Amino acid sequence: MNTVGKIIEGLAVPVIAVNVNLQVLALNSLAEQAFTDLKDTGGFDSFLSRITGLEPLLLSTLDDGKTTTAKVKPKAGYRSDYNITIKNIGAIDGVESPVLLMTFEDRSLSNDLKAMRIGFVANVSHEIRSPLTAISGFVETLQGPAIEDVAVRERFLGLMAKEVTRMTNLVSDLLSLSQVEAKKRRDLKNKVEMRPVIEQAVEATLPVAEKWNKTLTVEINGILPAIMGRQDDLLRVLINLLENAIHYSRQNGHIHMVACVDHGENPLGCDAISVSIKDDGEGIAAKEIPFLTQRFYRVDKSRSRNMGGTGLGLAIVKHILVRHRGELVIESTVGQGSTFTIYLPLALDEKINPS
Ligand SMILES: Nc1ncnc2c1ncn2[C@@H]1O[C@H](COP(=O)(O)OP(=O)(O)OP(=O)(O)O)[C@@H](O)[C@H]1O
Ligand SMILES: [Mg+2]
């Protein structure tokens, strides 16, 4: 391998070096993986023919000696679109000047991010539009003779209040999500005792459970050592999971929460606190489980909407757990119920007390 070959092998993007006759002098393994036909019979000619506009770019860089940057879209056979930079690096290793270095920056990641942003805005608009459409329909009706009918008026005002609650929930969930995303890991400098957090979460959700005729029991096994984190975020995680268990369990259903220390037999592979929330609801099909933490994903949209749900609760849970270096495990059997378990690593200087 020549000197330029050794140097470009150390770079984290595909790189190809060519001479003045457009012959390949060196390419790194990332370039070999991205453009597999470079090593085949067609070699560089076949490569050039697949990337529209690349050859004229190389020739113009040879002519004027300037660095050129352009977006290129391979015709077929290559996986990604690239931003390509061509730089004249002069003479190397006894190869006379100019030597051109082509660097390829994969654009699929930024394209994916763009698609995500567009999808997110479309989802938010859709979620806001449906309650707005409903409210404007009710307002229109009430502007007519229906305003005189007390029963109709009361019913419509009730429905309007429900739609307003939906929009309020959506906005506060969106705010929580953006706040969680904006916070940095270094914020996790405080020790948090989980017992009071669990107790507060139960206190906050008991009235909801009573409203829907569900029972809620809690078991805290042994002394729970402290973890590093933010108390209000951890409270949000537990409230979201408890509310889901209440909303999606069967009539007169039962929710059981268990908290204990877990000695490394968990996805984190270290001593952790585990809190599991088990319900006896209708359960979730295995194929749905991987999507539950995606924003706006709901198994049964109309049921979730009826509960004032926005489909953001588990996305918020997931983000908070990632920041806490924790994990969420979802187990479910259709017809029997679901268990959502969170694992949070113990603070480094915490000792496990025998229970
Ligand atoms: N315990 C559960 N049992 C059955 N399905 C559940 C359970 N928890 C969540 N789900 C399903 O996962 C979906 C996503 O839950 P998530 O908490 O993200 O949103 P949501 O409850 O619909 O709305 P919200 O933003 O108000 O929490 C729910 O709509 C529901 O279909
Ligand atoms: Mg929810």
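Please read these numbers as outputs of a predicted model, since none were measured by experiment.

1. Regarding the overall build of the protein
And step 1. For the protein, the count of helices and strands is ten helices and twelve strands.
And step 2. If you line up the protein on its principal axes, its C-alpha atoms span 85 × 70 × 35 Å.
And step 3. Relative to its full complement of 355 residues, the protein shows a buried share of 42%.
And step 4. Excluding contacts between residues fewer than 6 apart, the proportion of contacts in the protein whose partners are at least 24 apart in sequence is 64%.
And step 5. Summed over its atoms, the accessible surface of the protein is roughly 19400 Å², and 54% of this surface lies on carbon and sulfur atoms.
And step 6. Charge centroids of the protein, computed over 40 positive and 43 negative side chains, lie 3 Å from each other.

2. Some points on unusual backbone geometry
Peptide bonds are mostly trans, and most non-glycine residues show a negative phi.
And step 1. A positive phi angle is found at Leu22, which is not glycine, with a value near 55°.
And step 2. Topologically, Leu22 is positioned in the loop between strand S1 (15–18) and strand S2 (24–27).
And step 3. Owing to a relative accessible area of 13%, Leu22 belongs among the buried residues under this scheme.
And step 4. One non-glycine residue with positive phi stands out, namely Asn213, at about 65°.
And step 5. Inspection of the secondary structure puts Asn213 in the loop between helix H7 (194–211) and strand S7 (215–220).

3. Comments concerning the sheet that holds S1
And step 1. Read across the sheet, five strands follow the order S2-S1-S5-S4-S3 without closing on themselves; strand pairing throughout is antiparallel. Looking at the sheet topology across the chains shown, the edges are occupied by S2 and strand S3 (68–72). Averaged over neighbouring strand pairs, the angle between their axes works out to 20° when direction is ignored.
And step 2. Relative to S2, S1 runs antiparallel, the two sharing three bridges. If you follow Val18 over to S2, its bridge partner there is Val24.
And step 3. Seen against the sheet, helix H3 (residues 43–50) touches S1, S2 and strand S5 (100–106) and runs at an angle of roughly 115° to S1.

4. Describing the pairing of strand S9 (residues 254–263)
And step 1. As defined by bridge partners, S7 adjoins S9 across six bridges and the pair is classed as parallel. Paired with Thr215 across the two strands is His254, which belongs to S9.
And step 2. With nine bridges joining them, S9 and strand S10 (residues 271–279) adopt antiparallel strand pairing. Looking at the pairing, Met257 lines up with Ile277 of S10.

5. Structural notes on the environment of Pro74
And step 1. Tracing the sequence through the fold places Pro74 in the loop between S3 and strand S4 (82–88).
And step 2. Sequence spacing of Pro74 and Leu54 is 20 residues, and the spatial spacing of their C-alpha atoms is 9.6 Å.
And step 3. Filtering out sequence-adjacent residues up to four positions away, Pro74 remains in contact with Arg50, Ile51, Ser80, Asp81 and Tyr82.

6. A look at the site of ligand 1
And step 1. What surrounds ligand 1 is a group of 19 residues, the closest being Tyr248, Asp279, Ser304, Thr310 and Leu314.
And step 2. Interatomic distance of 3.0 Å between a side-chain N/O atom of Asp173 and an oxygen atom of ligand 1.
And step 3. Within the side chain of Asp279, one N or O atom sits 2.8 Å away from a nitrogen atom of ligand 1.
And step 4. In the complex, the protein chains occlude 92% of the 600 Å² of accessible area that ligand 1 would expose alone.
And step 5. Counting only elements with at least two residues in the shell around ligand 1, the list comes to helix H10 (313–323) and strand S12 (337–345).

7. Focus: the domain arrangement of the protein
And step 1. For the protein, the assigned domains read domain 1 (3–106), domain 2 (107–182) and domain 3 (185–355).
And step 2. Taking the mean C-alpha position of each, domain 1 and domain 3 sit 51 Å from one another.

8. Let's talk about the packing of helix H5 (residues 108–143) against helix H6 (residues 150–182)
And step 1. At a minimum axis separation of 9 Å, H5 and H6 run at an interaxial angle of 160°. Here H6 runs roughly antiparallel to H5, going by the angle between their axes. Of the two possible hands of crossing, H5 and H6 adopt the one that is left-handed.
And step 2. Split by residue class, the contact of H5 with H6 holds 18 nonpolar, two polar and four charged.

9. Concerning the state of the cysteines
And step 1. Tallied over the entire structure, the rule returns zero disulfides.
And step 2. The thiol of Cys260 is not disulfide-bonded; the next cysteine sulfur, from Cys270, is found 14 Å away.
And step 3. Accessibility expressed as a relative area gives 22% for Cys260, which makes it partly exposed.

Definitions and cut-offs
- Residues numbered from 1 in each chain as written.
- Chains lettered and ligands numbered in written order.
- Predicted model: local features only at pLDDT ≥ 70, side-chain atom pairs only at ≥ 80, totals over all residues.
- Heavy atoms only, no water.
- Helix = DSSP H or I, 4+ residues; strand = E, 2+ residues; numbered from the N terminus.
- Buried < 20%, exposed > 50% of the residue type's maximum accessible area, 1.4 Å probe, protein only.
- Contact = heavy atoms within 4.5 Å.
- Areas by Shrake-Rupley, 256 points an atom, 1.4 Å probe, with all protein chains shown as cover.
- Lys, Arg positive; Asp, Glu negative; His and termini not counted.
- Charge placed at Lys NZ, Arg CZ, Asp CG, Glu CD.
- Pairing = 2+ DSSP bridges.
- Axes fitted to C-alpha atoms, helices over the stretch in contact; angles between N-to-C directions.
- Near = heavy atom within 4 Å.
- Polar contact = N/O pair within 3.5 Å; in protein donor to acceptor, adjacent residues only side chain to side chain.
- Domains from an automatic or database assignment.
- Parallel < 35°, antiparallel > 145°, perpendicular 65-115°, else oblique.
- Left-handed = near helix turned anticlockwise from the far one by under 90°.
- Nonpolar A, V, L, I, M, F, W, Y, C, P; charged D, E, K, R; others polar.
- Disulfide = S-S within 2.5 Å.

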